Amino acid sequence: MIMQPSTTLEAPVSAIENAEFGHENVLISTGKRSGLVICVAVHSTVLGQALGGARMWNYPHWTDAVADSLRLSAAMTLKNSAAGLNRGGGKSVIHIPLGVVLTGEQKRDAMLDLGDAIESLNGAYMTAEDVGTSAELMAVVAERTEHVCGLPADQGGAGEPADATAAGVHASILATCEALFGTRDVAGRHLVISGLGQVGGRLARSLTAAGAVLTVTDVNLDRKLLAAELSANWVDADEAHSVIADLYVPCGMGGALSPRVIRELNVSGVVGAANNQLAQHDGAEALAERGILWAPDFVVNGGGVIYLDMASAPDADADAIAQRVEAIGDTVATIFRDAAALSITTLDAAERLAQSRLVTV
Ligand SMILES: NC(=O)c1ccc[n+]([C@@H]2O[C@H](COP(=O)([O-])OP(=O)(O)OC[C@H]3O[C@@H](n4cnc5c(N)ncnc54)[C@H](O)[C@@H]3O)[C@@H](O)[C@H]2O)c1
């Protein structure tokens, strides 16, 4: 079924006006099957083919989806560089108008349209699953282009990257504990995990196994079952950030670290999987001023892209992937040291590290 594009002459362009533009190529098209606006943003191929997920989400206007693709693709350049990958940054975003819920057939059409758009870029960009898409939907994209990874394992693909993401966050937590408390041992440490989904759930299990004391929350109350299974304390989602603990571990949606949340934190450090944790860029300064050590999200959660990149290579080696993911902890430790030595925020130190690879190529 062809959907009506949401384009109007009175399009609000503020989201685009506020976006920073330094992208190599941005393709905005209307899917010929789905009628949906599809934006494929290639921010940089300096380090290699751009890699970043495909997001299919409801936005008020198609320009909001384009603005999101511009922001997210630039973030992927930093993430892939900080992860040590020979990959550039890109992202694709499919705009679903507010209030519209796609049928299975419409999702399939959107994925075929996305595949055509990606194929037209001649290998500049490779996609993978992200919010609103899945390994199964990536198999549909693969009907139209080879530039897609993370297909279901039973179809010969790399599958779900959440194990690797959680392992990278776990390694980052150990590095943060070492920087703060002089030991990587989390036994007896009190950690608060907000968001018990694919990554947060796995992390809750690995941290429990390592002897950590957990307080957990999720807006999905079904996750109380996991809390009970792990004998973790449960707290309401809007109170989790103010619990007195050693570390706060945001694993839900972006923007969790708002100015109010930063003011109300009662922890020594923040390290978690969630993307775009800082609601405002100056949140890094606000955290530093409060003496809270923040491990930058785009470094901490790089395990997923490391996995997708390495596991989709023909000579994929599980041990080598695990070592690279584990090394995220070393990168986090380097960022903490650089930030302290140069009296800059951990965000600035992480961005410098990522940029240093981009300028030396
Ligand atoms: N899955 C990956 O491999 C991966 C890789 C890199 C980054 N990330 C990021 O990590 C975060 C978690 O990813 P995921 O794959 O586990 O997602 P998910 O959707 O499986 O889990 C997110 C969980 O957070 C909960 N949640 C949402 N809003 C919340 C709130 N305000 N308070 C508490 N809980 C809330 C949801 O109910 C859900 O259970 C996301 O920000 C994602 O972008 C994930």
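Residues numbered from 1 in each chain as written. Predicted model: local features only at pLDDT ≥ 70, side-chain atom pairs only at ≥ 80, totals over all residues. Heavy atoms only, no water.

A look at the sheet that holds strand S12 (residues 293-294)
- Taken together, 6 strands build an open sheet; the order of strands is S9-S8-S7-S10-S11-S12 and the sheet is parallel. Of all the strands in the sheet, just strand S9 (233-234) and S12 have a single pairing partner and so form its edges.
- Relative to strand S8 (residues 213-217), strand S7 (residues 190-194) runs parallel, the two sharing 5 bridges. From the neighbouring strand, Ser 194 faces S8, where its bridge partner is Thr 217.
- In this fold helix H5 (residues 162-181) packs onto S7, strand S10 (247-250), strand S11 (269-270) and S12, with an angle of close to 155 degrees to the strand it touches most, S10. (Pairing = 2+ DSSP bridges. Helix = DSSP H or I, 4+ residues; strand = E, 2+ residues; numbered from the N terminus. Contact = heavy atoms within 4.5 Å. Axes fitted to C-alpha atoms, helices over the stretch in contact; angles between N-to-C directions.)

Considering the UniProt feature "active site" (unreviewed entry) in the protein
- Under the present numbering, the feature "active site" (unreviewed entry) in UniProt falls on Lys 91.
- Looking at the element boundaries, Lys 91 is found in strand S5 (residues 88-97).
- Residue Lys 91 is classed as buried on the basis of its relative accessible area of 5%.
- The residues contacting Lys 91, other than those within four sequence positions of it, are Cys 39, Val 40, Ala 41, Gly 52, Gly 53, Arg 55, Ser 69, Leu 72, Ser 73, Met 76, Tyr 125 and Asp 130. (UniProt positions renumbered as here; feature names shortened; annotations may be inferred. Buried < 20%, exposed > 50% of the residue type's maximum accessible area, 1.4 Å probe, protein only.)

Digging into the UniProt feature "binding site: NAD(+)" (unreviewed entry) in the protein
- Under the feature "binding site: NAD(+)" (unreviewed entry), the UniProt entry names Gly 195, Leu 196, Gly 197, Gln 198, Val 199 and Gly 200.
- For Gly 195, a relative accessible area of 9% puts it in the buried group.
- Relative to the helices and strands, Gln 198 is located in helix H6 (residues 198-209).
- Of the residues examined, Gln 198 reaches a relative accessible area of 46% and is grouped as partly exposed.
- When near neighbours in sequence (up to four residues on either side) are disregarded, Gln 198 contacts Glu 160 and Ala 162.

Observations regarding the site of the ligand
- As a matter of local geometry, the ligand sits amid 20 residues, with Thr 165, Val 199, Asp 218, Gly 252 and Asn 275 nearest to it.
- A distance of 3.5 Å is found between a nitrogen atom of the ligand and a backbone nitrogen or oxygen belonging to Val 219.
- A distance of 2.9 Å is found between an oxygen atom of the ligand and a side-chain nitrogen or oxygen belonging to Asn 275.
- Contact with the protein chains hides 74% of the accessible area of the ligand, taken as 820 Å² for the molecule alone.
- Elements represented by at least two residues in the shell around the ligand include exactly H5 and H6. (Near = heavy atom within 4 Å. Polar contact = N/O pair within 3.5 Å; in protein donor to acceptor, adjacent residues only side chain to side chain. Areas by Shrake-Rupley, 256 points an atom, 1.4 Å probe, with all protein chains shown as cover.)

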